[in-house]
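Listed here are the chains, written in short residue letters.
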Amino acid sequence: QDALLDLLAERLVDYRATVRRSTSAGLPAAVATALRKRGARRIVVPEGLVDAWLGDVDGVEFVSDDPLLTPARLDALDGTITSCAVAIAETGTIVLDAGAGQGRRSLTLVPDYHLVVVPSDRVVPSVPAAIARLDATRPLTWISGPSATSDIELQRIEGVHGPRTLEVILVE
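S.K.: Explain the overall build of the protein chain here, please?
M.R.: Counting its secondary structure elements, the protein chain contains six helices and twelve strands. Taken over 172 residues, the protein chain has a buried fraction of 47%. Intrachain contacts of the protein chain at a sequence separation of at least 6 include 72% that bridge at least 24 residues.

Now the structure itself:
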């Protein structure tokens, strides 16, 4: 499993994501460090995210998506924190399926910052292994780094169709 986490971390960094490593016990502190470093003040938290992951972060308000936040309200927040359905080491891809702790798509596409917690038991080696774990009837969002595109001159532009900043905490 360590080799898979190392490969996933390498691929995520290639995609310009920030990667942190943590143990389960250290996760609340890792989340607090990430949010402090980001300067986040208001973070949307989807239903079903493990409360213990959040810990106590001075100066950060965790905002519920119940009732559903409008796109304008989501845009006014500093970011979101979610888990994932699966993460693919070979491609550095994180897959969300709107399950517990992941929320609806707009939670991860509208705010400019997305912090993803990836427990090691959700890391698989390949795309076929991920597909075997996923339910194709669920809304799947495949994330390979921060949102980016290239213009006609091949200049990379980030944050066009989602968050400009992707940060991942790999939990060993």
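S.K.: Got a minute to help me understand the sheet that holds strand 9 (residues 141-143) in this structure?
M.R.: Two modes of strand pairing occur in sheets, parallel and antiparallel, and in both the strands are linked by backbone hydrogen bonds. Read from one edge of the open sheet, four strands run 8-5-6-9, paired in mixed fashion. Strand pairing shows two members of the sheet lacking a second neighbour, strand 8 (123-124) and strand 9, which therefore form its edges. Two strands pair when backbone bridges link them, and strand 6 (residues 93-96) and strand 9 are joined in this way by three bridges, in the antiparallel orientation. For Ile-94, the partnering residue across the bridge sits in strand 9 and is Ile-143.

S.K.: Where do I start with the sheet that holds strand 3 (residues 61-64) in this structure?
M.R.: The sheet built from six strands is open, its strands ordered 1-12-7-4-2-3 with parallel pairing. Each of the sheet's edge strands pairs with one partner strand only, and the pair in question is strand 1 (18-22) and strand 3. Here the strands of the sheet are splayed against their neighbours by 25° on average, with no regard to which way each runs. Contacting strand 1, strand 7 (113-119) and strand 12 (165-171), helix 1 (residues 2-14) crosses the sheet at an angle of about 155° to strand 1. Sheet contacts for helix 2 (residues 27-38): strand 1, strand 2 (42-45), strand 3, strand 4 (79-82), strand 7 and strand 12; angle to strand 7, the most-contacted strand, approximately 165°.

Cut-offs used in this document
- Residues numbered from 1 in each chain as written.
- Predicted model: local features only at pLDDT ≥ 70, side-chain atom pairs only at ≥ 80, totals over all residues.
- Heavy atoms only, no water.
- Helix = DSSP H or I, 4+ residues; strand = E, 2+ residues; numbered from the N terminus.
- Buried < 20%, exposed > 50% of the residue type's maximum accessible area, 1.4 Å probe, protein only.
- Contact = heavy atoms within 4.5 Å.
- Pairing = 2+ DSSP bridges.
- Axes fitted to C-alpha atoms, helices over the stretch in contact; angles between N-to-C directions.

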